[in-house]
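Report on the structure
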Amino acid sequence: MEKRRSAPPVDAFEQVCVSKGEDDEMEIVFYRTSKVKLVVVWIAIFLSLFFIRLIFYWRRDWYAKSVASRCSPNAHADWVILKDKSMQQFAHRIHTRILSDSLKHDKSRTKSISRIDVESKSDPTPEYSIQTFFFHQRLKYILNTKRSCFEKTSVPPLTLSSLLTSKGLTLAEQHSRRWLFGENSIRVHVTPIIILLVTQALNPFYVFQLFSILLWTAGESYYYYAGCIGLLTIVSLAAQIIQQRMMERALKKTIGVNNSCFVWRSDLNEWREVAAETLVPGDVIQIPEAVDCNIPCDLILTSGDCIMNESMLTGESVPVTKVALEASESDVIFDLTQHSRHVLFSGTSVIQQRRTAGDDVVKGVVYRTGFSTSKGELVRSILFPKPIDFKFTNDSYKYVGFLATMALVGMVYTIVVKQLNGDAAEDIVIRTLDLVTIVVPPALPAAMTCGIVFAQFRLRRSRIFCISPNTINVCGSLDAFCFDKTGTLTEDGLDLLAIRQAAPDGTFEENLDLSAGSKHGEAGHLKAENNNNNNHHHHHHHLLHRDVLEAMATCHSLALINGTINGDPLDLKMFQFTNWDFEETNVKGQVQGQGPALAPIVVRPKPSTNPRDSNPPSSVREIGILRQFTFSSKLQRMSVVTHRRSTSSSGGAGRRAEDLTLFTKGSPEMVASFCRPQTVPDNYESVLNSYTSQGFRVIALAMKELSGEATTDALARVRNLTRDECECDLTFLGFLVMENRLKAETIPVIHQLKIANIRTIMVTGDNMLTALSVARTCGMLTLVDRVIIASVSVSSSDRPSEIFWCPVEMPNAATNLNSFETNGDVEKNRLEFVDSRVSFAVTGRSWALLRQHFPQFLPRIVLRGTVFARFSPDQKKQLVEELQSLGYYVGMCGDGANDCGALKTAHAGISLSEAEASVASPFTSKQPNVSCVLSLIREGRASLVTSFGIFKYMAGYSMTQFLIVCIITWPVVGSTMSDFQFLYEDLFVVTTLVFTFCFTGPHSSIAPRPPMISLVAMAPVTSLLCCMSLNLGVMLFSWYYTQAQPWYEEPDTRDGRDSDDTNVNYDQTVLFLITCTQFITMATIFAKGSPYRANIFSNIFFLINLLICTSATVIMIFNKWPWWAWLLELKMPPTFAFEGIVIGVCCIHFFVSYLVEMYFVDVLVERWVQPCLSRLVFKERVKYKLVEREMETSPDWPPLADKSLAEVMEMELAATSADDGDGAKKQTALHEDAQQSPRDVIVNGHRSDGIENPAFEITPADECDVAMTIDDVSMTIDETAYDSASNQEQSLLERDDDDDDHIDDVRTDL
């Protein structure tokens, strides 16, 4: 049953925010309806003929504040008002729901759901189970009475062991959780046309249009003009409805419909087929075997492996391997970010699945459902886009406010003049209201979107897709751009250039150069049957150690999909070199071909046809991959456990045929930290630096022999091993040196961005020296840049953290490999740095320590930082936020996988992806290179300048008509513009010019200065003032000059004059003709071309429009079409000389306006006066410029260290190893804290200290100190009662969340 009622009283508390610390953090205020206020408000609504109710429809928070009084939540609050970070306010009703009316008459059931007191285990006065909640943007916020706050419904912290041992839910438990979490559905309804029509018609724009039409027809007799405006309004309304319906249908089609799935019912001890909408957190479900089947929810994989397509979410086209939770990590607390490799996200599709040995099905535990899932987040980002905090948009509201103020002044002026002239009260009211429609043009919102619409069309033509059109204008102001390296600046594919193997005596062997025959491989996939294309490498195999070759053949996460090997490009290139065969088990657990059933993946050497391979380095028959520790960007490594079957019983080299072996590959720093020191060569650092300094990508290999043979028991033991147990005491094998070539477009793009004074920043997860080399090669670091690595030492008990500023000598093409080193003379470095530009480079480890111990240095490092290496996804996001805090407009370009956080945080993020749209970023480019960045910036600047010009034009147009009507026309008693005159100016001239104004495309290059973004800056204000001054001067001159003519006749002001002739006089005619030419002049001078838009002559439609409007106006001035003068109600001057003077005045006005705009405003004011005043009078407001000045006044900063680069890298390596060890300790400590703090179980006042099923307690928030569960509340609910409540909740969600609950507000209030 669903009821509206006040919230039950709880202990006094003051909640100030919800979702604290999250991206959607909001302030919250509670209100309680006041009967007195409610009566007063509705009396006012009736007296205003429901106009006030219309205002409340637009601003529901005003309605809540008007009918309710602020209170504390324990005072029966029934309204909540939220304010987000963008200062938007939302008002929602607080709902309270009783579980079921049927329980009232069932005493046995009533006892089982009795309310449990917060402080005691039971309450002597049983009540019904109550749920107090509200919806916001499709998410449910529920009252947690223990913490006395509203929180999003979510699951509590869980241990991996509880997930692995989860036995699913009973039918009663499933119903209980559906009552809390709701349906697992992401419903996007196609709104009925009638409802859509009413909703769109109540938009302020259309309401204002309707008001104007009624006013023109009722009092002004502008029937033709009102009819045309009404027709255009209907067309615009119909177009919006059609577009809305198309978007809803496309979104609904994209979301798709969830089908049924199989769920394990623990009470029935069987798999049951249920609708996907009924899934709840805690359900155990089967992963369907069908190819390309969609996952209906976010679930945690507990058995088997899956290969997933996550392009819808990340934009990454490379398949992702998901593995089951590891029993060896059972005590670890589940973290969605850290354990994402175990999570199948809603909206992704299964390409292939592999069962675990001993399991009949691949299964997982439901973690999140509905709009709380990753797919739900994508849909919510489309339905409720984040508002753009853009200065241009904010200033446009200020301009509209200024125009409204002008309208108010004009209304007062009109009333005074009309009263002095003795006009009737009805005429005064109509003329006063008509002035509002003149000063604030109704077409302004539609005109402002034209530039964005055309820019979006051009971007789509360039294969750049946008899900947030308002972001396009923001792209025009970008002054810093961050780039990921791999796959963005460089190719996805890699060339294997060399292998450097470690010798048993602790040194490196000679470099095995493979570059001669290296061919660039295709990224992303490789035909399994076509591996022979690497035979040119096969003659190197006899030079490889057996362990190195086997590591290359097995240490990967490749998968066989439809006969094609898919996976990471690095893994593909490495495996391709081995020239081995790749096989997988089928769905029954047997190998496709000959091989053991114990291993899901088997690799074996191809039969050799090369006589040189008579003694191959590896005598194995095949190698089975028993277990994978998948790659993690945080851990920077991956490992596999394998067993080998040799052609001989001994297996060679003293190793048994069935031995278990661990192979590890990853970043050199990380892998070396896990190796036994005696196996790492002494010249490890110098050899590594010699490769990374030239931009090569270096991968380290290591191995470890595990005791035991590959039997069924051993396999079970392997699956119980922890990663820490395996990845220790490794034997270092050597380096794989791979070339990650720059894309052909990278260098030209970086060069153009540098010319445009747009900061280019590299933020990557790769090695520091590799990143520095790539930055130098692509042009981010120039020859005059001096690089300083900021490295922070880890604090200890006897020594605090220290920061070292290590200068780096960058090599060039003529420098040998080992010259990537610091200069020895620190004082010499200091003198050289005085005359050069400093660029900082920081690793992710040092970044974390800087934020913790040296936050005062962050602004300077971010200001001058160019290379940020070994950065995690979270750190990339932090860097973007730091840049934004300095006042930069930041863009981010990445591949959409590890860059999602930064892409969404940046002002403009663009993902390189094959998908047309993803949740990763507002822009998605199908161009697989960074050239899309230039297109985006050019279109953004063109769109911004177009919007700027249109706004100035519309403001000038409205103020010009205001000057005519308010200052000149009305003192001439009874004179005003006719119906067709307004029609000619507004539709024929202004509307067509605004429309074709937007056809101009972007300039071919990017100017060094970004366009202006402030409408209230000195330059745009001066431009409008000058334009209006010139317009007013020409109008006054023309008016007085007309009255000075001998043929001039005073307007007929007699009381008995014919109403049809009131508009026909020389004053009104001349002023009308003058303003027509002024509108054409303003359109021409505001349609600026270079340096942001293409030349005006490239816009053929605009030129033709100008020609037609100018020709028609000139013909009118010379009175060549008498019927035209009759239609427009013009009284044409009788002399040709006067007409020529009018044309001359208009031409002079055009040239003077053009010179003033192009030279006085654009050159003198914008480039010289405005910057000087900004520095001298208004001071500098942009933070990064203030920091820059501080650095200029501190030439001795930073103090350079005398440490060598090798010492700094060694310090980073040691700290990385220490950090990795601390990570496991933190996880263990977290679990211990969780065990030591028993959690109370709360659901709206229901509490239990005993937790029967720790696998899935239910809590509104992850940070909640108490967990909520319904497991302890024994609820037996019949399907009919639940479905009724579920449908009512879904109805509430859709109605309340869309802010369309106004009819319900009326019903409730009345």
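As shown above, the structure is provided for reference.
Rules used in this analysis
- Residues numbered from 1 in each chain as written.
- Predicted model: local features only at pLDDT ≥ 70, side-chain atom pairs only at ≥ 80, totals over all residues.
- Heavy atoms only, no water.
- Buried < 20%, exposed > 50% of the residue type's maximum accessible area, 1.4 Å probe, protein only.
- Helix = DSSP H or I, 4+ residues; strand = E, 2+ residues; numbered from the N terminus.
- Pairing = 2+ DSSP bridges.
- Axes fitted to C-alpha atoms, helices over the stretch in contact; angles between N-to-C directions.
- Parallel < 35°, antiparallel > 145°, perpendicular 65-115°, else oblique.
- Contact = heavy atoms within 4.5 Å.
- Nonpolar A, V, L, I, M, F, W, Y, C, P; charged D, E, K, R; others polar.
- Core = buried A, V, L, I, M, F, W, Y, C linked by side-chain atoms within 4.5 Å.
- Expected span 1.5 Å × (residues − 1).

Side note on the pairing of strand E22 (residues 495–501)
Where burial is concerned, most of E22 is hidden: seven out of the seven residues are buried. Across six bridges, the pairing between E22 and strand E33 (residues 731–739) is antiparallel. Considered in E33, the bridge of Ile499 is made with Leu736. As judged from the two bridges shared by E22 and strand E23 (residues 512–513), these two strands associate in the antiparallel manner. Bridge pairing in E23 links Ala498 to Asp513.

What about the packing of helix H1 (residues 35–47) against helix H3 (residues 60–67)?
Where H1 meets H3, the axes come as close as 7 Å, and the angle between the chain directions of the two elements is 125°. Considering their axes alone, H1 and H3 lie oblique with respect to each other. Contact residues: H1 offers Lys37, Leu38, Val41 and Trp42, while H3 offers Tyr63, Lys65, Ser66 and Val67. Partitioning the contact of H1 with H3 into residue classes produces five nonpolar, one polar and two charged.

As for the nonpolar core
Core analysis: the largest hydrophobic core is formed by 138 residues, its most contacted members being Phe483, Phe923, Val933 and Tyr953. Take this core: its biggest share by element is 19 residues, from helix H30 (residues 931–969). With residues up to four places along the chain from it excluded, the contact list for Val933 reads Phe481, Phe483, Leu753, Cys893 and Ile910. Val838, Leu850, Ile861 and Val862 belong to the second largest nonpolar core, which has 37 residues in total.

A word on the pairing of strand E40 (residues 908–912)
The side chains of a regular strand alternate, first on one face of the sheet and then on the other. Burial analysis of E40 places five of its five residues in the buried class, the great majority of the element. Burial along E40 is two-sided: the residues Ala908, Ile910 and Leu912 and Gly909 and Ser911 are all buried. The pairing of strand E39 (residues 890–894) with E40 spans four bridges and is parallel. Opposite Gly894, over in E40, you have Ser911 as the bridge partner. Pairing between E40 and strand E41 (residues 923–925): three bridges, direction parallel. Residue Ile910 lies in a different strand from E41, and its bridge partner there is Phe923.

Some words on helix H12 (residues 391–420)
An α-helical turn contains 3.6 residues, so any two residues separated by three or four positions project in the same direction. Helix length check: H12 (30 residues) gives 44 Å between terminal C-alpha atoms against 44 Å at 1.5 Å per residue, within 8%. Considered for burial, the residues of H12 that qualify are Phe392, Asp395, Ser396, Tyr399, Leu403, Met406, Ala407, Gly410, Thr414, Val417 and Lys418.

Topic: unusual backbone geometry
Along the chain, Ser1090 connects to Pro1091 via a cis peptide bond; the corresponding omega equals 10°. Residue placement: Pro1091 occurs in the loop between helix H33 (1066–1086) and helix H34 (1100–1117). Of note in this structure, Phe50 is not a glycine but carries a positive phi near 70°. Phi angles above zero are rare outside glycine, and Asp729 is one such case at about 55°. Examined against the element boundaries, Asp729 turns out to sit in the loop between helix H22 (723–726) and E33.

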